[in-house]
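# Working through the structure, step by step
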Amino acid sequence: MTLHDDAVLVLKGYEDQPELRDVYLEHLAAHPDGMYKPCGAGHLTSSALVIDPSRERVLLTLHKKLGMWLQMGGHCEPGDETVAAAALREATEESGITGLTLLPGGPVRLDRHPIPAPCHWHLDVQYAALAPPGAVAEISDESLDLRWYGYDEVAGVADTSVVRLLESTRARL
């Protein structure tokens, strides 16, 4: 099974946000390369909100290019076997934390947001991941900073997409 096929299966099984899910599925049907960065019409990305072991805080990264506090995530790569694996890889790379585990049940949310040309859209498949006990975060080359935030602090530092992801994640915990 290809990453493209996995994404289609994951999205077909995703019951929340049906209108946005259908946009993702239409995109993948129209663009065989729609999983990857070179697709100028937009491409899927995969991310994960990292939750501390006590389930009281989330780890956010200060994105180097955007200057915003966001969940860990990024572009799918040819070596990724599944969209979930891409989210876990990105979260591990960007947080420096090994042993992350995705919450069961598949994606937590979908988020479509514009990005500068030459590409026009990121179609983000958003997961949540639990950090293991004793996890220590390390800043990657893609980040200016990493910081743990209590749930009640997130709205003061992050945009509405991160706040919605946190709300959906908390509902699943």
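Here's a quick rundown of the structure. All values reported here derive from a predicted model rather than from experimental measurement.

### Here's the deal with the overall build of the chain
Helices and strands together make up the secondary structure of the chain, namely five helices and eight strands. For the chain, the α and β elements follow one another from N to C terminus as α-α-β-β-β-β-α-β-β-β-β-α-α. Against the globule reference of 16 Å for 173 residues, the chain gives a C-alpha radius of gyration of 15 Å, in line with a compact fold. Dimensions of the chain, computed from the C-alpha atoms along their principal axes, are close to 45 × 30 × 30 Å.

### Details of the nonpolar core
Formed by 28 residues in total, the largest nonpolar core has its most connected members in M35, L44 and V50. Residue contacts for V50: discarding those within four places in its chain leaves R57, V58, L59, M72, A91, I97, L100, A129, A131 and W148. Ranked by size, the runner-up nonpolar core spans 19 residues in total, among them L60, Y149, V154 and A158.

### Digging into the pattern of salt bridges
Counted under the stated rule, the structure contains seven salt bridges. Residue R89 is joined to E77 by a salt bridge in which the shortest nitrogen-to-oxygen separation is 3.3 Å. Note that R89 is positioned in helix α3 (residues 83–95) and E77 in the loop between β4 (72–75) and α3, a separation of twelve residues in sequence. Given the relative accessible area of 16%, R89 is considered buried.

### Describing the packing of aromatic side chains
Across all of its chains, the model carries one aromatic pair by this definition. Judged by centre distance (5.3 Å) and plane angle (75°), the rings of W69 and Y149 are edge-to-face. On the criterion of sequence distance, the pair formed by W69 in strand β3 (residues 69–70) and Y149 in strand β8 (residues 143–150) is long-range, its members being 80 residues apart. Considered together, W69 and Y149 belong to a single accessibility category, that of buried residues. Across the ring face of W121, the terminal group of R112 is positioned such that the distance to the ring centre comes to 3.6 Å.

### As for the layout of surface pockets
Using a probe with the size of a water molecule, rolled over the atoms, empty space left in the structure can be pinpointed. Computed from the structure, the largest pocket encloses a volume of approximately 950 Å³. Looking at the largest pocket, it is lined by 35 residues, and the ones nearest its centre are H63, L66, H75, I115 and H122. If you list the elements that add at least two residues to the lining of the largest pocket, you get β1 (43–51), β2 (57–63), β4, α3, β6 (109–114) and β7 (121–130). For the lining of the largest pocket, the element with the most residues is β1, which contributes four residues. Class assignment of the residues belonging to the lining of the largest pocket gives a composition of nine nonpolar, 15 polar and eleven charged.

### Quick look at the pairing of β6
The pairing of β6 with β7 spans six bridges and is antiparallel. Bridge pairing in β7 places L110 opposite V125. Counted along the chain from β6 to the antiparallel partner β7, the turn is six residues long.

Reading the values: rules and limits
- Residues numbered from 1 in each chain as written.
- Predicted model: local features only at pLDDT ≥ 70, side-chain atom pairs only at ≥ 80, totals over all residues.
- Heavy atoms only, no water.
- Helix = DSSP H or I, 4+ residues; strand = E, 2+ residues; numbered from the N terminus.
- Rg over C-alpha atoms; globule rule 2.2 N^0.38 Å.
- Core = buried A, V, L, I, M, F, W, Y, C linked by side-chain atoms within 4.5 Å.
- Buried < 20%, exposed > 50% of the residue type's maximum accessible area, 1.4 Å probe, protein only.
- Contact = heavy atoms within 4.5 Å.
- Salt bridge = Lys/Arg side-chain N within 4 Å of Asp/Glu carboxyl O.
- Phe/Tyr/Trp six-rings, centres within 6.5 Å; stacked < 30°, edge-to-face > 60°.
- Lys NZ or Arg CZ within 6 Å of the ring centre and 35° of its normal.
- 1 Å grid on protein atoms, 1.4 Å probe; cavity = no way out; pocket = protein on both sides within 12 Å on 5 of 7 lines; lining within 4 Å.
- Points joined across faces, edges and corners; volume = space filled by probe spheres on them.
- Nonpolar A, V, L, I, M, F, W, Y, C, P; charged D, E, K, R; others polar.
- Pairing = 2+ DSSP bridges.

Geometry only, nothing functional implied.
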